[in-house]
Amino acid sequence: MSNDLDRHTIGHFLQSQGAEAWGVAANEPALPLAPDLPRALSILMRIDPGVLRGMRHGPTAEYRDEYRRLNRKLDDATASLTALLRERGYDAVAVPATGSEDDGPFSHKAAATSAGLGWIGKTALFVSLEFGPAVRLATVFTDLDLPPGDPISEGRCGVCHACADACPSGCGRDVQWRAGMPREQLFDASACRRQMSQFGDVEPQICGICIAACPLSHRD
Ligand code: B12
């Protein structure tokens with residue numbers, strides 16, 4: 001195996017692909033539904049904060065376009081990274097940016113908190129240290145031995161519950177997250193899904209009111 005890929009070269013490569021933050025999670029013990037590879041590279045791309053303005057009552061066409069743009073960009077970046085790793089003799093598996101619960105997908109949020117990039121907020125969104133919840137995520141698993149970050153295992157929203165207050169379906173339960181907590185204790189996914197079906201004229205399965213409501217989404 002060639003060992004010329006290190007944290008610096010991977011960071012540089014991901015930056016050239018448009019990633020705005022990234023980190024490494026140890027997949028030992030294995031994260032739920034994870035492939036059998038020892039490292040998860042968590043990749044973040046920021047949602048343009050300008051797009052979140054005007055989303056108090058629901059998604060806009062601009063948000064839908066941004067959602068599609070970032071999904072494409074994340075999937076291109078993870079495909080390129082996977083190709084690079086395989087070229088150099090490493091194993092690599094990319095988890096697509098989006099999908100459905102029925103696919104039994106690996107949770108990008110679990111890789112991101114385990115990599116120390118942020119925590120889970122009060123409507124179950126991943127909240128990045130730098131950009132708040134205004135990010136989309138993807139994950140690449142690999143056997144390249146990169147040093148993992150320090151996992152974050154508790155919510156840091158404090159007394160803020162702006163996201164839970166803003167959600168028209170009340171899907172957030174205003175509970176402080178801890179790693180391993182069942183999702184239902186934190187968040188009512190059926191209520192979220194029902195609410196999103198109201199916005200089918202923009203696109204089924206998008207909303208983003210909770211993202212726009214978080215004060216951390218609007219930092220410069
Ligand atoms: C199915 C799905 C949905 C479902 C279910 C929502 C849900 N929270 O599970 C529905 C249709 C309702 C939905 C809604 C939305 N979704 Co959605 N969705 C997904 C998808 C495809 C799978 C999620 C899933 O089922 N995971 C299984 C469950 C059990 O895990 P989870 O809730 O994702 O995360 C939990 C675990 O990771 C655990 N956890 C966290 N850290 C750790 C660490 C350890 C060690 C352990 C054991 C566990 C653990 O806590 C988390 C919260 O409960 C992901 C993409 C992906 N593959 O991750 C996008 C994803 C979660 N969705 C996303 C978004 C943005 C949305 C919406 C805003 C819609 C939109 N795009 O406008 C809403 C808001 C939902 C919300 N408030 O969380 C983003 C979240 C970005 C962020 N900042 O968090 C994701 C990651 C897509 C992406 N590529 O960025 N979604």
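Higher on the page you've got the structure.
Now for a description of the structure that goes with this document.

Scoring rules and cut-offs
Residues numbered from 1 in each chain as written. Predicted model: local features only at pLDDT ≥ 70, side-chain atom pairs only at ≥ 80, totals over all residues. Heavy atoms only, no water. Helix = DSSP H or I, 4+ residues; strand = E, 2+ residues; numbered from the N terminus. Rg over C-alpha atoms; globule rule 2.2 N^0.38 Å. Contact = heavy atoms within 4.5 Å. Areas by Shrake-Rupley, 256 points an atom, 1.4 Å probe, with all protein chains shown as cover. Lys, Arg positive; Asp, Glu negative; His and termini not counted. Charge placed at Lys NZ, Arg CZ, Asp CG, Glu CD. Buried < 20%, exposed > 50% of the residue type's maximum accessible area, 1.4 Å probe, protein only. Arc of directions from axis to C-beta. Polar contact = N/O pair within 3.5 Å; in protein donor to acceptor, adjacent residues only side chain to side chain. Near = heavy atom within 4 Å. Nonpolar A, V, L, I, M, F, W, Y, C, P; charged D, E, K, R; others polar. Phe/Tyr/Trp six-rings, centres within 6.5 Å; stacked < 30°, edge-to-face > 60°. Lys NZ or Arg CZ within 6 Å of the ring centre and 35° of its normal. Pairing = 2+ DSSP bridges. Axes fitted to C-alpha atoms, helices over the stretch in contact; angles between N-to-C directions. Core = buried A, V, L, I, M, F, W, Y, C linked by side-chain atoms within 4.5 Å.

Looking only at helices and strands, one finds eight helices and six strands in the protein chain. Along the protein chain, from the amino end to the carboxyl end, the secondary structure elements read α-β-β-α-α-β-α-β-β-β-α-α-α-α. Radius of gyration (C-alpha) of the protein chain: 17 Å, near the 17 Å computed for a compact globule of 220 residues. Dimensions of the protein chain along its principal axes, counting C-alpha atoms only, are 55 × 35 × 35 Å. Intrachain contacts of the protein chain at a sequence separation of at least 6 include 70% that bridge at least 24 residues. Accessible surface, the protein chain as shown: approximately 10,800 Å² in total, 50% of it carbon and sulfur. Of the side-chain charges in the protein chain, 22 are positive and 28 negative, and the distance between the mean point of each set is 5 Å.

Attention now moves to helix H7 (residues 189-197). Ala 189, Ala 191, Gln 195 and Met 196 are the residues of H7 that are buried. One side of H7 carries all its buried residues, which in axial view fall inside an arc of 160°. Away from its buried face by more than 90 degrees, H7 exposes Arg 194 and Ser 197. The inward-facing, buried residues of H7 contact helix H6 (183-186). With a side-chain oxygen lying 3.2 Å from the backbone nitrogen of Ser 190, the N-terminal cap of H7 falls on Asp 188.

Right, let's get into the site of the ligand. As a structural note, the neighbourhood of the ligand is formed by 37 residues, with Tyr 63, Ala 97, Thr 123, Phe 126 and Arg 183 the closest of them. At 3.1 Å from a nitrogen atom of the ligand is found a main-chain nitrogen or oxygen belonging to Pro 133. Contact distances for the ligand include 2.9 Å between an oxygen atom and a backbone N or O atom of Cys 207. With five residues, helix H4 (residues 108-114) is the largest single contributor of residues to the shell around the ligand. Tallied by class, residues from the shell around the ligand come to 24 nonpolar, nine polar and four charged.

Okay, the packing of aromatic side chains next. Under the counting rule described, the total for this entry stands at one aromatic pair. Summarising the aromatic geometry, the rings of Phe 106 and Phe 141 are spaced 4.9 Å apart at their centres and angled 80° between planes, so their arrangement reads as edge-to-face. With Phe 106 in the loop between strand E3 (92-95) and H4 and Phe 141 in strand E6 (residues 135-142), the pair connects residues that are 35 residues apart, well separated along the chain. What makes Phe 106 buried here is its relative accessible area of 6%. Its relative accessible area of 0% is what places Phe 141 among the buried residues. If you follow Arg 7 out to its NZ or CZ, it ends over the ring of Trp 22, 4.5 Å from the centre.

Pairing between the strands of a sheet comes from backbone hydrogen bonds, and it takes one of two forms, parallel or antiparallel. An order of E1-E2-E6-E3 is seen for the four strands of this open sheet, with the pairing classed as antiparallel. Each end of this open sheet is capped by a strand with a single partner; those strands are strand E1 (21-26) and E3. The sheet shows a mean angle of 20° between the axes of neighbouring strands, direction not considered. In this sheet, strand E2 (residues 39-46) lies alongside E1 in antiparallel orientation, the contact comprising six bridges. When the bridges of E2 are listed, Val 24 appears paired with Leu 41. Sitting on the sheet, helix H1 (residues 7-16) is in contact with E1 and E2, with an inclination near 135° to E1. Packing against the sheet, helix H3 (residues 61-87) makes contact with E2, E3 and E6, and its axis sits at approximately 15° to E6.

Further remarks concern the nonpolar core. Of all hydrophobic cores here, the largest spans 37 residues; its most connected members are Ile 10, Leu 41, Leu 52, Tyr 63, Leu 81, Leu 85 and Ile 211. Of all elements in the fold, only H1, E1, E2, helix H2 (49-52), H3, E6 and helix H8 (209-213) reach the threshold of two or more residues within this core. Take this core: its biggest share by element is eight residues, from H3. For Ile 10, the residues in contact, after removing those within four places along its chain, are Leu 5, Trp 22, Leu 41, Leu 81, Leu 85, Leu 144 and Leu 146. Within the second largest apolar cluster, 30 residues are counted, among which are Leu 44, Ala 111, Cys 167 and Ala 191.

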